[in-house]
Structures are given as C-alpha cells and as structure tokens.
Amino acid sequence: MTGPAAPPAALTADEAQRFRALVMPHADAAYNLALRLCRRTDVAEDIVHDAWVRALAGFVSFRGGDAKSWILTIVRNRFYDWAREQRLKGMARLTRPANDSDDADPDWDVADVDQPTPEDQMVGKTEVGALHALIDRLPPRLREVIVLRELEELSYREIAQVTESPIGSVMSRLSRAREALARAWREREAQMAGVRP
Amino acid sequence: MNGCPEWADRLQALVDGELDASHAMEVEAHIAGCGACAEARTALLDLRAALRSEGVRAVAPRRLMARLDAAVHASTERPARRVFPVRERAAWSVAGAGLAIAACAVLAIGVAPSWQTASLERDLVAGHIRSEMAQHLTDVQTSDQHVVKPWFDGKVDFAPPVIDLADQGFPIVGGRLDYIDQRTVAALVYRRGRHIINLFVWPDRAPIGPPEAHPPGGYTLVHWARGGMTFWAVSDVNEADLRAFQRLLEARMPS
C-alpha cells in the first residue's frame, strides 16, 4: 500500500495527548477572538480550524510557555492573512468588468468598520448584542486588545506577545478602546433611558 | 473616564492588576482624594462588568469542536496494526467464510466489538468532515466516472467500483485517497443536492458491526459489503436517502 494519504507531520500518541490537554481547552478563546476579529461565524470557524492545523504542524517545536498566548497568536495571524486575502480579492474585483460574476461571490465582502454588521440589528434588543456591535465597530487593533484583556483576561505582557506590539502600545490602545466603548455605552444607556421614561 | 490625565495610565494599570503593591497603594491614595479619578475607576469597572456579562464571550460551536477534534485525530500517528490483534483474528477467522459470502451482498451484523466499530466510525466521520473543507473534497475532480476509475490505478492496490448515479440524482463529483482505520482507502464523492456523500471503499472480508444508532456529530452512516469490498457511505443527508443511494449503487454493481 502506498502512503500518499498518510497524514503529514504526525504527532505521537503522547504528543497528541499533550496537545489535547494544553491547547484544546482554549478553543473557546480562539473562536471568541476569531469571531470578534472577522465578525462572521463561518469565517471564524475556518480561521480557528486553520490555526489548529498549523498549531498541530508546529506543536513539536512548541516547548512549554503559555499555550493560550501561543494559540491566540496563531489565530490572530490567520485572521490577518484572511483579511489580506479579502483585500486582494476586493482589489482584483475593482479591476474586473462591473457585471463580472464574482459580484455574487460573498467572500470578497470583508468586514468593514463602517458597514453595519448583523449584530447592529440587535442594538436596543439585547445588551449582549449591543456590546458585540460596539466592540465590532472598533478598529481591529483596538478590538483585539479589548477582547484579549476583558474577555480573555490576558496580562499586558501576554497581549503584547499575541499582538506582537510593545507593552506601551498595548496600554494606549486599551485606553483608547475603553474610552470609545465607555462613551458609546453611556450614549446607549441615555437612549434607552429616553425610550423608557 | 475623565480622571487626571497624568494618572490615567496608572489608574488603568491598577484596574488591570498590573501594579505592584507599592504603586497600587500610591494610586489608591490619589483616588481617595480625587473624585474625578474615582469616577473614572468606576467607569472602567462598569465597562468590565458589562463586557464580562454572560453571553458576550463567544463559545466554540459543537460543529467546530468536532472539526478541531478531527484535525488532532488526523495528525496523530496511528499505532502499529499489531496493537489490535482482535481485529486481525476476526479477519482470519472469517476469511474462509468471506470467500463464500463474497459473491452476494451482505450486511453483516454484530461481530466486531462495539468499541472497534465506534473508532472506525469516528475515522469515517472525521474523513467526511475533512472532505467538506474546501480543497479536501477531491484529488481528482470530474463528473466522468471513466476519469475517476483509472485515477486510482497504482494509488491503491484494489479497484474500487466507480459508478455514476447522476441520472438518479446522485452525481459523482470525484475521488480521493483517505486514511481510515490505519489503511489507505478510496473515497468516492457524490452530491445529493447541496449535500456531500463520501463513499469509502476498501477490500475487507471481515464483517463489521452495524453503524451506531447515533453516530458522532449527527451524520448518517450506511455500511455494506459486496464482492470482497467493504463500503461505508457517510453524509448528512437523511438515512432514507442514503439507503436509496446504497440500493441504486448495488443495482449497478457487476455481480
């Protein structure tokens, strides 16, 4: 029997066990970060899956350290790869005839800060939906630090590692993100108070 | 968050638990005498409470967890076949009988221990899930059965029957190699509407237990054996459709 279908870079049973113990518990964190970054559930699942495939391929060289930061770094990189691809597709699309069939391709539709996201329709309905909408409106660099700090509870040092930024930048982005969120949240509260006298 | 600008960084660091005890006390002392900074801290904590309320943090869907699990499974080295002597023995003990059965279609029942079947089915479902990801579906992509069949030549040491059922609503879309139960097998890919059916084929005369009542992830599995080959159809179509698929295939198989 020839072996072209044998999976490459196989982990030993022990390594696989270690992977399950160290990395699998962070699947929620990975999905949460991916979803807040790309803002589409289907894409977020693909990003996390891609990240897992890469993490598995590189797991042999992962020698300790914080597994959560490690996997989140991979997820974040996969997101920016995806976003870059979408941008390129978008550019390619602009150079094509206007009625090109690719217009029907939903993939080029990069998450755009100025476009309403599906969550926007939930504003005013549920608090959770409103919070998602508010986070999603932040630029990605601010979005990722707020997600990593407030939802994933990473330290400044870990956030700096995941986002490959100096700690000073992490702190200033965090502060700007909070400023923007707090302002938007106050406005919403005021609106809600106006609706319910 | 309109506290004193010169304290803003330290205030944030305090709220984030990033200050050592002596610096924390310093900031606390300032807040105690500064209403604006006290308010700024309350605003930070309120925002945190809102962000950490239930449901804000997304949870990985079950479907994704199954995919991740399959990914780990797929990149794990298979133990040597010798580790499972039970299966080998089972294969030999029925080899003679197998020759007799080979001529007719057989749906074998309840011979293999259930744990063996369960792990095989996990492999099959994982193979099916992998195939649903873009680019993994087919190695040879065509609706022409006469292209698919020779493609397997030299890649596997058996000739899987390649039958198109386009006229019955199950067009063949291609084939690929997959790795199931520690062996390379042929996977034929069919479509039913928007659904994908993976038909895994390999030579095996050993009867295998019937599919679990509830296979992993809500997929439907149909298994049969014929002419010394074992067939597993895996899909998310309903069982009636998958049974119909099986009957249509069997009707066209060379006897």
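Above this text you will find the structure in question.
Anyway, here's the lowdown on the structure attached to this text. (Residues numbered from 1 in each chain as written. Chains lettered and ligands numbered in written order. Predicted model: local features only at pLDDT ≥ 70, side-chain atom pairs only at ≥ 80, totals over all residues.)

## Looking at the overall build of chain B
Operational definition: Labels follow the DSSP assignment, with helices taken as runs of H or I lasting at least four residues and strands as runs of E lasting at least two, numbered in each case from the N terminus. Exposure classes come from backbone-placed C-beta atoms, where a residue is buried if 20 or more other C-beta atoms lie within 10 Å of its own, exposed if 12 or fewer do, and partly exposed in between. By the convention adopted here, residues are in contact when the distance between their C-beta atoms, placed from the backbone, does not exceed 7 Å.
A count of helical and extended segments in chain B gives nine helices and six strands. Going through the 255 residues of chain B one by one, you find that 34% of them count as buried. The contacts of chain B with a sequence gap of at least 6 include a subset with a gap of at least 24, amounting to 61%.

## Notes on the sheet that holds strand β2 (residues 172-180) of chain B
All names here are of chain B. Keep this limit in mind: Strands are treated as partners if at least two bridges between them are detected by DSSP. Only the stretch in contact is used when fitting a helix axis, every axis being a line fitted to C-alpha atoms; angles between N-to-C directions are given from 0 to 180 degrees.
Taken together, six strands build an open sheet; the order of strands is β1-β2-β3-β4-β6-β5 and the sheet is antiparallel. Because the sheet does not close on itself, it has two edges, and the strands there are β1 (140-141) and β5 (220-226). Contacting β3 (183-192), β4 (195-203), β5 and β6 (229-235), helix α9 (residues 239-252) runs over the sheet at an angle of about 20° to β5.

## Structural notes on the nonpolar core
Short version of the rule: By convention the nonpolar core is taken to be a set of buried residues drawn from Ala, Val, Leu, Ile, Met, Phe, Trp, Tyr and Cys and joined through C-beta atoms within 7 Å. Marked domain ranges trace back to an automatic or database domain assignment.
If you look at the biggest cluster of nonpolar residues, it comprises 101 residues, and the most contacted ones within it are A30(A), A34(A), I47(A), V48(A) and V75(A). In terms of domain composition, this core takes at least three residues from each of domain 1 (5-51) and domain 2 (112-252) of chain B. Look past the residues within four positions of A30(A) in its chain and what remains in contact with it is V48(A), A51(A), I71(A), L72(A) and V75(A).

## Some thoughts on helix α4 (residues 62-74) of chain B
Rules: Each helix should span, by expectation, one fewer than its residue count multiplied by 1.5 Å.
Along its 13 residues, α4(B) runs 18 Å from first to last C-alpha, staying within 8% of the 18 Å computed at 1.5 Å per residue. Listed in full, the buried residues belonging to α4(B) are L64(B), R67(B), L68(B), A70(B), A71(B) and V72(B).

## With respect to the interface of chain A and chain B
Applied cut-off: Polar here means any residue outside two lists: the nonpolar Ala, Val, Leu, Ile, Met, Phe, Trp, Tyr, Cys and Pro, and the charged Asp, Glu, Lys and Arg; Gly therefore counts as polar.
Contacts between the two partners involve 42 residues from chain A and, on the opposite side, 38 residues from chain B. Contributions of two or more residues to the side of chain A that touches chain B are made by α1 (13-22), α2 (27-38), α3 (41-58), α5 (127-137), α6 (140-151) and α8 (167-195) of chain A. In terms of residues, the side of chain A that touches chain B owes the most to one element, α8(A), which gives eight residues. In the side of chain A that touches chain B, the residues fall into 27 nonpolar, seven polar and eight charged.

## Side note on the packing of helix α1 (residues 8-15) of chain B against helix α2 (residues 21-32) of chain B
Describing two packed helices takes the angle between their axes plus the distance from one axis to the other. All names here are of chain B. Stated formally: By convention the crossing between two helices is left-handed if the near helix lies anticlockwise of the far one by an angle smaller than a right angle, and right-handed if it lies clockwise.
As a packed pair, α1 and α2 sit with axes 10 Å apart at the nearest point and diverge in direction by 115°. Where α1 crosses over α2, the two elements pack in a sense that is left-handed. Of the residues in α2, those touching α1 at R10, L11 and L14 are H23, A24 and V27. Taken together, the residues of the contact of α1 with α2 break down into four nonpolar, one polar and one charged.

## Topic: the pairing of β5(B)
Residue and element names in this part refer to chain B. Burial runs high along β5: six of the seven residues are buried. Direction of pairing for β5 relative to β6: antiparallel, over a ladder of seven bridges. Within β6, the residue paired with A225 across the bridge is T230.

## Considering the environment of D46(A)
All names here are of chain A. One can find D46 in helix α3. Taking the C-beta count within 10 Å as the criterion, D46 has 19 such neighbours and is therefore assigned partly exposed. Placed 33 residues apart in sequence, D46 and F79 show a C-alpha to C-alpha distance of 9.8 Å.

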